[in-house]
Amino acid sequence: MVSNPVHGLPFLPGTSFTDSTKTAFHRSQTLGYRNGYATARRPTVGIGGDRLQFNQLSQADLDELASKASLLTYGQPKQAPPSDFIPAHVAFDKKVLKFDAYFQEDVPMSTEEHYRIRQVNIYYYLEDDSMSVIEPIVENSGIPQGKLIKRQRLAKNDRGDHYHWKDLNRGINITIYGRTFRIVECDRFTQVFLESQGIELNPPEKMALDPYIELRKQPLRKYVTPSDFDQLKQFLTFDKQVLRFYAIWDDTDNMFGECRNYIIHYYLMDDTVEIREVHEQNDGRDPFPLLMNRQRMPKVLVENAKNFPQCVLEISDQEVLEWYTAKDFIVGKPLTILGRTFFIYDCDPFTRQYYKEKFGISDLPRIDVSKKEPPPIKQELPPYNGFGLIEDSAQNCFALIPKPPKKDVIKMLMNDNKVLRYLASLESPIPEDKDRRFVFSYFLATDMISIFEPPVRNSGIIGGKYLGRTKVIKPHSSVENPIYYGPSDFFIGAVIEVFGHRFIILDIDDYALKYMESNAAQYSPEALLSIQDRIRKQEPELENKQAEVDPGVQELEALIDTIQKQLKDLPCRDNIREAFQICDKEASGYVDKEEFFKICGSLNVPTDDSLIKELIRRCSHGEDKINYYHFVRAFSD
């Protein structure tokens with residue numbers, strides 16, 4: 001092996017020599033065993049035992065290997081996926097940079113100004129790098145303002161380059177279409193955006209002011225007029241300032257007078273007064289807005305003007321000693337204008353503030369002028385004239401076209417054809433009336449009463465209908481709140497007064513007796529006791545009647561039994577009783593002969609039979625009436 005132990009000499013032929021003292025020239029071992037497996041290793045020394053420098057690792061290499069231990073163990077890590085591409089029109093959508101700028105415009109044909117400063121806003125749209133220039137609109141400026149340059153990409157130079165947001169900054173001039181704009185400020189969003197992009201912003205500048213506008217802001221020149229009162233100053237100071245008062249005019253003391261509302265306007269600019277009417281919906285008046293036109297109102301006239309006709313008097317300062325002013329209009333005090341006395345009860349907030357600042361009056365409360373409505377008049381019905389029912393007569397007072405009173409339909413349906421019958425006598429000092437008997441029929445459906453007097457031969461009194469169906473008022477009830485007789489008032493021994501006639505109940509029929517038993521809660525103990533006495537007295541009477549039977553009655557009963565045996569198969573026998581009861585509306589037990597034979601013919605009753613003829617003869621009552629009670633018994637089981 002050739003080496004050069006002398007440092008500083010080039011490694012060239014003739015300048016190197018071998019080490020003559022070296023005796024070992026064997027190669028180093030490169031084969032080894034580890035865990036029983038042969039492994040190759042790199043030699044660290046060369047031939048003769050000289051150390052090899054190129055196979056040694058430096059300290060930097062060892063540090064790098066130590067830091068890459070995870071890479072050597074797990075391999076190269078996977079790279080993260082690239083982020084999604086977002087186009088500019090999405091990333092910068094609705095993001096606009098705003099700059100405040102101004103430009104100077106020459107005014108060649110004016111002696112008061114030579115140039116004017118016009119302030120504008122420059123908008124830069126990041127989504128498509130377009131720009132627009134808008135001038136804020138100033139009222140009554142006389143200059144076309146608004147959008148000066150519509151949104152577009154603006155050229156920066158003659159080479160076709162366009163303005164970019166990197167070209168914009170505070171304190172610079174930009175030229176657009178030959179007009180130079182000076183950028184002085186930007187908004188907060190623009191400042192944050194440019195600083196985030198690494199652009200250093202210039203310090204903001206003050207916005208330039210227009211010299212002519214600043215000149216007009218100076219106070220106007222004051223003029224001194226020889227007059228003691230400056231009307232022009234009053235006009236300019238109080239222009240569009242109006243005091244508003246709410247007043248009423250009460251004319252109820254006169255015939256057909258009324259209380260009406262008005263609004264009084266007092267114009268501070270010229271001390272004029274206007275009175276406006278307040279119209280309400282459906283008040284029946286023509287919609288005239290003004291009661292008095294706007295004018296100055298005199299308060300005190302001179303002596304000569306008082307006697308002069310007011311209709312032709314042209315009022316001026318020579319005829320008036322004092323005019324109405326704002327201090328004459330006070331809330332809570334009356335005010336006479338053109339002969340009418342108005343009472344001021346309220347004013348608006350501006351008027352209150354004016355009186356507080358001008359006159360020091362801070363307490364102007366609202367006065368309640370609303371009148372309490374009179375109590376409603378109670379509707380009184382006229383006295384009952386005695387014709388018809390009270391409910392029917394009262395309907396004429398409730399409506400122009402009277403309607404029938406409402407009926408209890410459910411009660412009428414449940415109690416249809418239900419009639420309670422009572423036998424009564426007339427309580428009268430006349431001897432002829434003591435033997436008269438009456439049949440009371442009480443209709444449960446309508447609470448009406450009808451009275452029938454059975455005719456008695458040779459009595460001198462014509463029997464028949466005594467009282468048609470009607471409601472009967474109790475004697476001690478008032479006309480306003482009438483109380484009618486009900487089923488609980490009818491019992492044996494009860495006194496019923498019907499239109500001045502007193503009747504005593506003597507007996508009741510079997511249906512009424514059953515009704516009292518089923519509705520005992522409606523009746524008084526006296527009524528129930530009378531029924532018990534009636535039943536006790538009825539038992540011995542029945543025994544006596546059975547012992548002493550009239551021969552005519554026996555013949556009638558025998559005839560009825562014979563007819564029942566012969567006509568037991570008659571198909572219409574179940575409908576005969578109902579047909580006669582429908583025809584007998586008064587429930588008297590008698591029907592006309594003509595109606596009787598019509599019903600028998602409609603039900604196919606064999607009236608030509610000799611037994612039926614005999615039965616009709618025995619049931620006849622007078623010349624034109626037939627008692628159908630006994631006749632119906634022949635056709636019932």
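Residues numbered from 1 in each chain as written. Predicted model: local features only at pLDDT ≥ 70, side-chain atom pairs only at ≥ 80, totals over all residues. Heavy atoms only, no water.

## Remarks on the overall build of the protein chain
The condition that has to hold: Runs of H or I in DSSP of at least four residues are treated as helices and runs of E of at least two as strands, each being numbered from the N terminus. To sort residues, take the accessible area from a 1.4 Å probe on protein chains only and compare it with the maximum for the residue type: under 20% means buried, over 50% means exposed, and anything in between is partly exposed. Note on contacts: a residue pair qualifies if any of its non-hydrogen atoms lie within 4.5 Å across the two residues. Calculation of accessible area relied on Shrake-Rupley with a 1.4 Å probe; when residues are assessed, cover is drawn exclusively from the protein chains displayed.
Regarding its fold elements, the protein chain presents 17 helices and 27 strands. By the burial criterion, 29% of the 637 residues in the protein chain qualify as buried. Counting contacts in the protein chain only where the partners sit at least 6 residues apart, residues at least 24 apart contribute 48% of the total. Surface summary for the protein chain: the accessible area is close to 45,200 Å², and the carbon and sulfur share equals 53%.

## Notes on the sheet that holds strand β19 (residues 419-427)
Sheets are built from strands that pair by backbone hydrogen bonding, the pairs being arranged parallel or antiparallel. Here is the rule we go by: Pairing between strands requires that DSSP locate at least two bridges from one strand to the other. Axes, fitted as lines to C-alpha atoms, cover a helix only where it is in contact. Angles between the N-to-C directions of the axes lie from 0 to 180 degrees.
Reading across from one edge, β22-β21-β20-β19-β24-β23 is the order of the six strands in this open sheet, with antiparallel pairing throughout. With one partner strand each, in any of the chains shown, β22 (464-470) and β23 (495-498) form the two edges of the open sheet. Across the sheet, the mean angle from the axis of one strand to that of its neighbour is 30°, orientation sign disregarded. Pairing of β19 with strand β20 (residues 437-443), which is carried by seven bridges, proceeds in the antiparallel orientation. Across the sheet, residue A424 finds its bridge partner in β20, namely F438. Sheet contacts for helix α11 (residues 510-518): β19 and β24 (501-508); angle to β19, the most-contacted strand, approximately 110°.

## Points about the side chain of T272
We apply this condition: Pairing of N or O atoms within 3.5 Å defines a polar contact, subject to two protein rules: one partner must be a possible hydrogen donor and the other a possible acceptor, and residues neighboring in sequence count only if both atoms are side-chain atoms.
By the secondary structure assignment, T272 is in strand β13 (residues 272-277). Since its relative accessible area comes to 8%, T272 is described here as buried. A polar contact of 2.9 Å, which involves the side chain of T272, links it to the side chain of R294. With near-sequence residues (within four places) excluded, T272 lies in contact with H265, Y266, Y267, R294, Q295 and R296.

## A look at the environment of R182
Locating R182 in the fold gives a position in strand β10 (residues 179-186). As a C-alpha pair, R182 and Y102 span 80 residues in sequence and 5.5 Å in three-dimensional space. Leaving out residues up to four positions away in the same chain, R182 has contacts with D100, A101, Y102, G171, I172, N173 and E205. In this structure the side chain of R182 is engaged in a polar contact, spanning 2.6 Å, whose partner is the side chain of E205.

## Considering the pairing of strand β21 (residues 448-453)
Where burial is concerned, most of β21 is hidden: six out of the six residues are buried. Direction of pairing for β20 relative to β21: antiparallel, over a ladder of five bridges. Across the sheet, the residue bridging to S441 is S450, located in β21. Remark: four residues form the turn of the hairpin made by β20 and β21, two consecutive strands paired antiparallel; D447 in that turn has positive phi of roughly 60°. Note: β21 against β22, four bridges, orientation antiparallel. The partner of F452 across the bridge, within β22, is K465.

## A short note on helix α15 (residues 593-602)
Defined as follows: Comment: arc refers to directions from the helix axis out to C-beta atoms.
Along α15, the residues classified as buried are F596, I599 and C600. Here the buried residues of α15 occupy an arc of 100° about the axis, which is enough to place them on one side. Exposed residues lying more than 90 degrees from the buried face of α15 are E594 and S602. Trailing α15 by a residue or two, N604 shows a phi angle of about 60°, which is positive.

## Section: the pattern of salt bridges
When charged atoms on two side chains of opposite charge get close, those side chains can pair. Our working definition: By salt bridge we mean one thing: a side-chain nitrogen of Lys or Arg within 4 Å of a carboxyl oxygen of Asp or Glu.
In total, this model carries 26 salt bridges according to the counting rule given. Among the ionic pairs, R118 bridges to E105, the shortest N-O distance being 3.2 Å. Here the residue R118 occupies a position in strand β6 (residues 115-125), and E105 occupies one in strand β5 (residues 96-106), the gap between them amounting to 13 residues. Exposure remark for R118: the relative accessible area of 7% places this residue in the buried category. D250 serves as the salt-bridge partner of K371, at 3.6 Å between the closest nitrogen and oxygen. Of the two residues, K371 sits in the loop between α8 (349-358) and α9 (390-398) while D250 sits in strand β11 (residues 242-250), which places them 121 residues apart along the sequence. Here the salt bridges do not stand alone but share partners, grouping E105, E113, R116, R118 and E135 into one network.

## Re the nonpolar core
Basically, it comes down to this: Among buried residues, the Ala, Val, Leu, Ile, Met, Phe, Trp, Tyr and Cys ones that are joined through side-chain atoms within 4.5 Å form a nonpolar core.
Judged by nonpolar contacts, the single largest core of 29 residues is most densely connected at Y422, F440, F490 and I508. Broken down by secondary-structure element, the contributors of at least two residues to this core are β19, β20, β21, β23, β24, α11 and α12 (525-547). Once you skip the residues sitting within four places of it in the chain, F440 turns out to touch L420, R421, Y422, A424, I449, S450, I451, F490, I496, V498 and F503. Y262, F329, I330 and L364 belong to the second largest nonpolar core, which has 25 residues in total.

## Points about the sheet that holds strand β7 (residues 130-135)
Pairing is antiparallel across the open sheet formed by six strands, whose spatial order is β8-β7-β6-β5-β10-β9. Either end of the sheet is taken by a strand with one partner, and the two such strands are β8 (146-152) and β9 (173-176). The sheet shows a mean angle of 30° between the axes of neighbouring strands, taken without regard to direction. Direction of pairing for β9 relative to β10: antiparallel, over a ladder of four bridges. If you follow I176 over to β10, its bridge partner there is R179.

## Comments concerning the packing of helix α14 (residues 576-583) against α15
The axes of two packed helices give the description: the angle between them and the distance between them. Our working definition: Handedness of a crossing follows from how the near helix is turned relative to the far one, being left-handed for an anticlockwise turn of less than a right angle and right-handed for a clockwise one. Any residue outside Ala, Val, Leu, Ile, Met, Phe, Trp, Tyr, Cys, Pro, Asp, Glu, Lys and Arg is labelled polar, Gly included; the first ten of those are nonpolar and the last four are charged.
Interhelical geometry of α14 versus α15 gives an angle of 145° and a closest axis separation of 11 Å. Crossing handedness for the pair α14 and α15: right-handed. Facing α14, whose interface residues are A579, F580 and C583, α15 presents E595, F596, I599 and C600. Of the residues contributing to the contact of α14 with α15, the split by class is six nonpolar, no polar and one charged.

## Focus: a nonpolar patch on the surface
This is how it is decided: Nonpolar side chains (Val, Leu, Ile, Met, Phe, Trp, Tyr) within 5 Å and like charges within 9 Å form the patches, drawn only from residues with over 30% relative accessible area and no salt bridge.
A cluster of nonpolar side chains, contributed by L232, F235 and L236, occupies part of the molecular surface with about 320 Å² of accessible area. With respect to the element layout, F235 can be found in helix α6 (residues 231-237).

## Focus: the packing of aromatic side chains
What counts, and what does not: The pairing test for Phe, Tyr and Trp rings, Trp by its six-membered ring, is centres within 6.5 Å, and the orientation test on the planes gives stacked under 30 degrees, edge-to-face over 60, and tilted for anything in between. Here, over-ring charges are defined by two tests on the NZ atom of lysine or the CZ atom of arginine: distance to the ring centre within 6 Å, and angle to the ring normal within 35 degrees.
The tally for this structure, following the rule as stated, stands at 21 aromatic pairs. For the ring pair F189 and F193, a centre distance of 6.5 Å and an interplane angle of 20° mean the geometry is stacked. Residue F189 and its partner F193 are both found in helix α4 (residues 188-196); the two are separated by four residues, about one turn of the helix. Accessibility expressed as a relative area gives 37% for F189, which makes it partly exposed. Seen in terms of ring centroids, F438 and F503 are 5.1 Å apart; in terms of plane orientation they differ by 80°. Their pairing is edge-to-face. Taken as a pair, F438 in strand β20 and F503 in strand β24 lie far apart in primary sequence, 65 residues in all. Taking relative accessible area as the criterion, F503 reaches 0% and is therefore assigned buried. Clustering of aromatic rings is evident, with ring pairs tying together Y422, F438, F440, Y442, Y466, Y485, F490 and F503. The side chain of R469 reaches across the aromatic face of F443, ending 3.7 Å from its centre. Here the guanidinium or amino end of K471 rests over the ring plane of Y484, the centre of that ring lying 5.3 Å away.

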